[in-house]
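The lines below spell out each chain.
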Amino acid sequence: MTDTSDEIWEPHAPATTARPRPVALPGPAGRLELLVAGSASVNVLAEGVLEVTAEAEHADGDDGTGDVRIEWRTPCVDVTSFWTPEPRGTGWLPAAWSAPRRTTLSRGAPVAALVGTGDTTVCAFAADREEALASAGVVEETGEFRFWVQAAGRLTVRIDTSGRHFGHSLAELADWWAADRPVRVPDAARLPAYSTWYALHQNVTPEAVERQAALGKELGLDTIIVDDGWMTTDRTRGYAHCGDWEPHSLPDTAAHVARVHDLGVRYLLWYALPFIGKDSAAWDELGRYALVDAPHLGAVVADPRHPEVRAHLADRLARAVEEWGTDGLKVDFVDWFGVQDPPAPGPGADCATVDEGLHLLLGEIRRRIDAAAPDAMIEHRQPYVSPGLWPYATMVRAVDCPLGPQENRQRVVDTRLVAGPLAVHSDMLMWHPAEPVEQIACHLINVLFGVPQISVDLAALSTEQRETLAFWLGVSRAHVDTLQLGALRPARPDLGYPMVTAIGDGTAVVARYAALPVATGDGAAGAWRTLLVANADADPDVRLVGGRGTVGATVQDARGRTVGSATVDLDGGVTVEVPRGGLLTLRRV
């Protein structure tokens, strides 16, 4: 094997401390070309799965903390897409000369997959470091696909070329991350929630919140998340009032939270964690500890390397649980800490890096919240999906995509694939008051494999819209184990997942977003006793293929009304009419 690393034009690649050298690989893994800058060790874990570790090599006067790089190539054959957990990160095949991705504690995750025909794993990888530089792309000269990951000191990368479903490979990589990370996710984090954001925006009052909480409880929404507006009486948006976190729009906060609890509803409160607003009282004390200025937002991003910043923010956020009795926090904008070239630590800073300070800040918040309420919830959001954040969160939400069902679906599925133990929430669902019930059902089906968050004025819903919402929230609740904890098998990432399957213990759920046949054989849907098919496509003719035997079939429309039932024979394939926004339930006779 020859060293070909210098044959590729890399205008964005940084220098490494050592030149990558070829490393021999045993057995089937030998189809990969592996080069490592640093001392290398290779461990074959299973057929098609190996672990590569690189360590900086010590030289005279060298402390061994220089960068190492692990680089590999595979033939780019029968490939359909390149997958990453970044918003809008899946589908196309980048070129090898494209700018590498930098992952940090507060932005992204060191994982990706090259997906082949049939949704197979051509090559997937994950790194054990939160902060890394990763590149992947087509080598134009050879038709190969080349990966490299670079980090300081020591780096371990797991590489999977097993050919299994890519969802299986990614889940296994996430399990590797989870092995040494303590994560606690209460059951409540997996139940449908209501958010005030799209429904109320900053027009938050105790009366408005309590009204929506009461109406939501009737529909199956057991948690309310109170978003921006509670900490100010200003309604002009922006973040100039962040930093003090005084409940100006929620007077007598503890009593208000208690009234919501009396409804049987849990309560989360929103915080834009990094921002110190220029109109806040905290500005005079903390405004000088700026990691970066954000004048268009009316705020600065506070530098967590300073103990004064961490103490203030931890105290402000923990107060919601300790004093007001909330059930947790929605922690927003953590990705703003991910400044690419942060300024040098100022006088008084006790951390060398921003990530070190962020670990301390989030750890202190979690410690205090857990002490006050062990079952409290903490929401994070794309793009801060790093496994390094798992100990500080219970759920992670898809990034904002109002009224975008396909976008919401893709972001929920992308996040689910590598979220490990965390619950994954949809972006809040909203719709025009005139939205037909079939489309409302499709909004819910598009986020069926995550936790639906709802953000419309529930008092303005028609009877039919309420029925639709209650029905599909009921499906989410009744099948939570399969939908959120089962094996996730999304199809065709290159097409935005036109069909998604979750396989649980005896139950499988398929969501159909395009006019595609549904495989009902045990190989595709597991050994099911109950199979649900949710139809979010305009074509009502759902073709069932690959199954055997006689099953009972029930069809419900978008509102949950039964519109058909029969006994059907799956042998040779059968077509069942399922209206848009409707649900087909098959049960083995």
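Being a predicted model, the structure only gives us computed values, none of them experimental.

## A few points about unusual backbone geometry
The omega angle of the peptide bond from Gln382 to Pro383 is 5°, so this bond is cis rather than trans. Note that Pro383 resides in the loop between β20 (377-381) and β21 (395-397). If you check the backbone angles, Asp119 has positive phi at about 65° while not being a glycine. Here Asp119 shows up in the loop between β8 (111-116) and β9 (120-127). Judged by its relative accessible area of 9%, Asp119 is buried. Look at Arg492: it is not a glycine, yet its phi comes out positive at around 55°. Here Arg492 shows up in the loop between β24 (487-491) and β25 (499-503).

## Structural notes on the layout of surface pockets
A volume near 670 Å³ is recorded for the largest pocket. Along the wall of the largest pocket there are 32 residues; nearest its centre are Pro100, Arg101, Arg102, Thr104 and Leu133. Taken together, the elements giving at least two residues each to the lining of the largest pocket come down to β7 (101-103), β10 (132-139) and α7 (354-372). At 4 residues, β10 tops the list of elements feeding residues into the lining of the largest pocket. Residues belonging to the lining of the largest pocket are distributed by class as follows: 15 nonpolar, 9 polar and 8 charged.

## A look at the side chain of Gln382
If you trace the backbone, Gln382 turns up in the loop between β20 and β21. The residues contacting Gln382, other than those within four sequence positions of it, are Pro85, Pro87, Val396, Arg397, Ala398, Val399, Arg411 and Thr415.

## Quick look at the nonpolar core
Counting 119 residues, the largest nonpolar core has Trp83, Trp230, Leu273, Phe449, Ile454, Leu458 and Trp472 as the members making the most contacts within it. Sequence-distant contacts of Trp472, that is, excluding residues within four places in its chain, are made with Ala441, Leu444, Ile445, Leu448, Ala534, Ala558, Gly581, Gly582 and Leu583. Judged by nonpolar contacts, the second largest core, of 29 residues, contains Val36, Val52, Ala54 and Val157.

## Looking at empty space enclosed by the protein
Under the criterion given, the structure shown has 4 cavities of 30 Å³ or more. In this model, the largest cavity occupies a volume close to 70 Å³. Contributing to the lining of the largest cavity are His380, Tyr384, Val385, Ser386, Leu389, Trp390, Ala393, Val396, Thr415, Ala419 and Leu422. When grouped by side-chain class, the residues that make up the lining of the largest cavity number 8 nonpolar, 3 polar and no charged. Its boundaries defined by the atoms lining it, the second largest cavity holds a volume of some 60 Å³. Cys401, Leu403, Gly404, Pro405, Asn408, Met428, Leu429, Met430, His443, Asn446 and Val447 together form the lining of the second largest cavity. Where the lining of the second largest cavity is concerned, the elements lending two or more residues are α8 (405-417) and α9 (437-446). For the lining of the second largest cavity, the residue count by class is 7 nonpolar, 4 polar and no charged.

## Remarks on the pattern of salt bridges
Following the criterion strictly, the structure yields 41 salt bridges and no others. Residue Asp539 is joined to Arg512 by a salt bridge in which the shortest nitrogen-to-oxygen separation is 3.5 Å. Taken as a pair, Asp539 in the loop between β28 (530-535) and β29 (541-545) and Arg512 in strand β26 (residues 507-512) lie far apart in primary sequence, 27 residues in all. Classification of Asp539 by relative accessible area gives partly exposed; the value is 26%. Each member of the salt-bridge network shares a partner with another, and the members are Glu246, Asp315, Arg316, Arg319, Glu322, Glu323 and Arg368.

## Concerning the packing of helix α3 (residues 206-219) against helix α10 (residues 463-478)
Direction vectors running N to C along α3 and α10 enclose 60°, while the axes themselves pass 9 Å from each other. Counted together, Leu215, Glu218 and Leu219 of α3 and Arg466, Leu469, Ala470 and Leu473 of α10 form the full contact between these two elements. For the contact of α3 with α10, a count of residues per class yields 5 nonpolar, no polar and 2 charged.

## Quick word on the packing of helix α6 (residues 307-322) against α7
Orientation of α6 relative to α7, taken along the N-to-C sense of each, is 25°, at an axis distance of 9 Å. When the axes of α6 and α7 are compared, the pair comes out roughly parallel. The element α6 and its partner α7 pack so that their crossing is right-handed. Contact residues: Arg310, Leu313, Ala314, Asp315, Leu317, Ala318, Val321 and Glu322 in α6; Gly357, Leu360, Leu361, Glu364, Ile365, Arg368, Ile369 and Ala372 in α7. A breakdown of the residues in the contact of α6 with α7 according to their chemical character gives 10 nonpolar, 1 polar and 5 charged.

## Structural notes on helix α4 (residues 253-262)
Where α4 is concerned, the buried positions are Thr253, His256, Val257 and Val260. Projected down its long axis, α4 shows its buried positions confined to an angular sector of 95°, all on one face. The inward-facing, buried residues of α4 contact α3, β14 (223-226) and β15 (266-272).

## Focus on the packing of aromatic side chains
One pass over the structure, following the stated rule, counts 19 aromatic pairs. Ring centres of Phe125 and Phe147 lie 5.8 Å apart, and the angle between their planes is 75°; this geometry places the pair in the edge-to-face category. Of the two residues, Phe125 is situated in strand β9 and Phe147 in strand β11 (residues 144-152); the sequence distance between them amounts to 22 residues. Residues Phe125 and Phe147 agree in their burial class; the two are buried. Geometrically, the ring pair formed by Phe471 and Trp472 is edge-to-face, given 5.1 Å between the ring centres and 70° between the ring planes. The exposure classification of Phe471 matches that of Trp472, with both residues buried.

## A short note on α8
Taking 1.5 Å per residue, 13 residues should reach 18 Å; α8 reaches 18 Å between its end C-alpha atoms and fits that length. Counted residue by residue, α8 has 11 buried out of 13 residues, so it is predominantly covered.

## What to know about the sheet that holds strand β12 (residues 154-160)
Read across the open sheet, the 6 strands follow the order β3-β4-β12-β9-β8-β6; overall the sheet is antiparallel. With one partner strand each, in any of the chains shown, β3 (39-46) and β6 (79-83) form the two edges of the open sheet. When strand polarity is set aside, the average angle formed by the axes of neighbouring strands in this sheet is 15°. Most of the contacts of helix α1 (residues 166-178) go to β9, to which it runs at about 15°, and overall it touches β4 (49-55), β6, β8, β9 and β12.

## Details of the confidence of the model for the chain
Confidence in the prediction of the chain, expressed as mean pLDDT, is 94, and 96% of residues score 70 or more. Ignoring residues within four places in sequence, the model shows residues 1-5, a span with pLDDT below 50, making 17 contacts including any to other chains.

Cut-offs and rules
Residues numbered from 1 in each chain as written. Predicted model: local features only at pLDDT ≥ 70, side-chain atom pairs only at ≥ 80, totals over all residues. Heavy atoms only, no water. Helix = DSSP H or I, 4+ residues; strand = E, 2+ residues; numbered from the N terminus. Buried < 20%, exposed > 50% of the residue type's maximum accessible area, 1.4 Å probe, protein only. 1 Å grid on protein atoms, 1.4 Å probe; cavity = no way out; pocket = protein on both sides within 12 Å on 5 of 7 lines; lining within 4 Å. Points joined across faces, edges and corners; volume = space filled by probe spheres on them. Nonpolar A, V, L, I, M, F, W, Y, C, P; charged D, E, K, R; others polar. Contact = heavy atoms within 4.5 Å. Core = buried A, V, L, I, M, F, W, Y, C linked by side-chain atoms within 4.5 Å. Salt bridge = Lys/Arg side-chain N within 4 Å of Asp/Glu carboxyl O. Axes fitted to C-alpha atoms, helices over the stretch in contact; angles between N-to-C directions. Parallel < 35°, antiparallel > 145°, perpendicular 65-115°, else oblique. Left-handed = near helix turned anticlockwise from the far one by under 90°. Arc of directions from axis to C-beta. Phe/Tyr/Trp six-rings, centres within 6.5 Å; stacked < 30°, edge-to-face > 60°. Expected span 1.5 Å × (residues − 1). Pairing = 2+ DSSP bridges. pLDDT = per-residue confidence, 0-100.

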